[in-house]
Structure formats: structure tokens, C-alpha cells
Amino acid sequence: ADYAGLLQISADGGELHVEWQWNQPAGAALLGMKCVAAFPWVFGRVLAGETVIIEGPDAFPVDAAKDRETFRAAGMRSAVVMPLSAANRVEGALSLAIVRPGPRPNWDLELLQLAAEVPANASARRKAELELNSGRQKMASMARLSSMGELTASLAHQLNQPLTGIRSNAEAAQRFIDSGRATLPQLREIMIDIVDDNQRASEVIYRVRELLARTEWSPRELDANALVKDVVTLIASDAL
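Residues numbered from 1 in each chain as written. Predicted model: local features only at pLDDT ≥ 70, side-chain atom pairs only at ≥ 80, totals over all residues. Heavy atoms only, no water.

1. Some thoughts on the overall build of the protein
Step number 1: Broken down by element type, the protein carries seven helices and five strands.
Step number 2: For the protein, the N- to C-terminal ordering of α and β elements is β-β-α-α-β-α-β-β-α-α-α-α.
Step number 3: Compactness check: the protein gives a C-alpha radius of gyration of 33 Å against a globular reference of 18 Å for 240 residues, more than 25% above the reference.
Step number 4: For the protein, the C-alpha atoms occupy an extent of roughly 105 × 35 × 35 Å along the three principal directions.
Step number 5: With 240 residues in all, the protein has 30% of them scored as buried.
Step number 6: Pairs at least 24 apart in sequence give 60% of the contacts found in the protein among residues at least 6 apart.
Step number 7: Side chains of the protein give 25 positive and 30 negative charges; the mean places of these two sets differ by 2 Å. (Helix = DSSP H or I, 4+ residues; strand = E, 2+ residues; numbered from the N terminus. Rg over C-alpha atoms; globule rule 2.2 N^0.38 Å. Buried < 20%, exposed > 50% of the residue type's maximum accessible area, 1.4 Å probe, protein only. Contact = heavy atoms within 4.5 Å. Lys, Arg positive; Asp, Glu negative; His and termini not counted. Charge placed at Lys NZ, Arg CZ, Asp CG, Glu CD.)

What follows is the structure, encoded as C-alpha cells:
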């Protein structure tokens with residue numbers, strides 16, 4: 001063959017796309033071609049599970065004008081497109097084409113079928129892994145949502161602490177100002193406490209939103225010391 005292409009259906013069940021290509025110099029014109037758009041009739045049959053062999057542009061039926069035009073423009077002489085099937089589902093396609101002149105090729109379909117089974121099974125196995133992982137993520141998300149009832153009381157407690165601190169500091173500052181005894185160091189210290197409590201409240205809300213968000217799972221490094229400090233902050237009032 002002057003050209004070989006391996007097409008795969010994306011994991012989300014979308015369109016066929018070229019995953020891998022190889023060519024002899026004679027087949028260079030086929031590189032980068034949007035195969036499915038160029039050959040809608042051919043790949044429509046292949047997605048239905050049919051192997052298509054084309055021996056020249058005149059071999060196309062009347063309703064395959066686009067395929068015939070592309071075939072002729074690319075200078076192809078013969079081509080075979082075979083579905084990559086696994087578990088009764090088409091995972092992609094194997095496409096081979098001959099451009100150079102010569103005797104009519106004799107495609108060994110049995111050998112091609114054996115070759116096609118390897119990427120087909122690999123693709124099916126990979127999709128199954130992705131679907132399993134997606135299912136685990138959905139279950140984890142549901143578990144997080146169901147745990148919100150248990151978190152509600154704790155959430156109210158954790159928000160009440162910084163909000164109470166903000167109010168107490170603001171009232172203290174107001175009393176200092178009203179009495180005429182307020183000093184800049186005192187007010188600066190009160191403002192620092194208000195900012196710190198506001199940050200704590202914001203972090204609580206952010207972490208709850210992060211907990212409930214349906215995000216893709218990805219591993220990351222955690223600082224054990226930072227985790228301990230977070231716990232200390234959360235239980236500080238109870239510990240006192």
C-alpha cells in the first residue's frame with residue numbers, strides 16, 4: 001500500500017478521526033486529508049460494519065459522487081477500508097490505498113482482519129477503562145452530595161466562628177471610636193483580625209464548593225503540615 005491510515009472513534013462516541021498515518025512518497029497527497037468528510041459514503045458503510053473495496057473511481061455508486069471526486073483527485077487506483085470491530089461495536093477503521101500504477105492488487109482480507117483486531121481490541125479496552133473511571137467519579141460525586149446533610153451543622157458552626165469574630169471586632173472598633181480613645185495601633189490590630197476572619201469564612205465556602213463540584217479526578221501532592229494546621233484552625237474554638 002502507498003498509504004495506510006488508522007481511524008478511531010473518540011472516547012465520547014463522537015466522529016471518526018485519523019489517529020495514525022503512514023505513506024510511501026506516492027501516497028503523500030493523502031496525508032492530512034479529512035477522510036470522513038472526503039469519503040462520506042465509504043465511511044458510512046464502514047461504520048455500519050461493512051468492509052469496502054474500491055477498484056477505481058468508476059466503482060462508486062451514483063450516490064457516492066463526493067467519494068468518487070476525492071478518489072479521482074487523489075490519484076488513487078485501489079483502496080480498502082475495513083471496520084475495526086470489537087464486542088459487536090465498531091471502534092474505528094483501517095484504511096489502505098494504492099496510488100502507483102501496476103497490476104490489480106489482491107487484498108488479503110483475512111490477513112487484514114487479523115491485523116485490524118489488534119487495534120480494535122485495544123481501543124475497546126481503553127474505552128471500557130475510561131467508562132469505568134467515569135462511573136467511579138459519578139458515584140464519588142453522588143456520595144459527596146449525600147454527605148451534605150451531615151456537613152450542614154458543621155458548616156454553620158465553622159462559618160459562625162469567623163462571622164462572630166468579625167462582628168465583635170467591628171463593634172469593639174466602634175466603641176473605641178465613640179469613646180474618643182481609639183488609637184491607630186488598636187484599630188490596625190482590629191482590622192487585621194477582621195481580615196483574617198473574613199479569609200477563614202471565604203475558605204470555608206470555597207472548600208464546600210470544591211467538594212460539591214463535579215471535577216475530574218487527578219492526583220496531587222499534599223503538604224501534611226498544612227493539613228494539620230487546617231485541622232487546628234477548625235477545632236480551635238472547641239479545643240479552648
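2. Focus: the packing of aromatic side chains
Step number 1: On inspection of all chains with the given rule, the structure shows two aromatic pairs.
Step number 2: Among the aromatic residues, ring-to-ring pairing joins W41, F60 and F71 into one connected group. (Phe/Tyr/Trp six-rings, centres within 6.5 Å; stacked < 30°, edge-to-face > 60°.)

3. Brief notes about the sheet that holds strand β5 (residues 89-98)
Step number 1: On the basis of which strands lie adjacent, the open sheet formed by five strands has the order β2-β1-β5-β4-β3 and antiparallel pairing. Single-partner strands in this sheet number two, and they are β2 (16-23) and β3 (52-54). Sheet twist, expressed as the mean angle between neighbouring strand axes with direction ignored, is 15°. (Pairing = 2+ DSSP bridges. Axes fitted to C-alpha atoms, helices over the stretch in contact; angles between N-to-C directions.)

4. As for helix α3 (residues 65-73)
Step number 1: Within α3, the full set of buried residues consists of D67, R68, T70 and F71. Looking straight down α3, one finds its buried side chains confined to an arc of 165°; they lie on one side. For α3, the exposed residues set more than 90 degrees away from the buried face come down to E69 and A73.
Step number 2: Along its buried surface, α3 packs onto α1 (35-38), α2 (40-47), β3 and β4 (78-86). (Arc of directions from axis to C-beta.)

5. Remarks on the pattern of salt bridges
Step number 1: What the rule picks out here adds up to five salt bridges.
Step number 2: R100 is the salt-bridge partner of D2, the closest N and O atoms lying 2.5 Å from each other. Residue D2 is located in the segment before β1 (3-9), and its partner R100 is located in the loop between β5 and α4 (109-146); the two are separated by 98 residues in the primary sequence.
Step number 3: The class of R100 is partly exposed, set by a relative accessible area of 44%. (Salt bridge = Lys/Arg side-chain N within 4 Å of Asp/Glu carboxyl O.)

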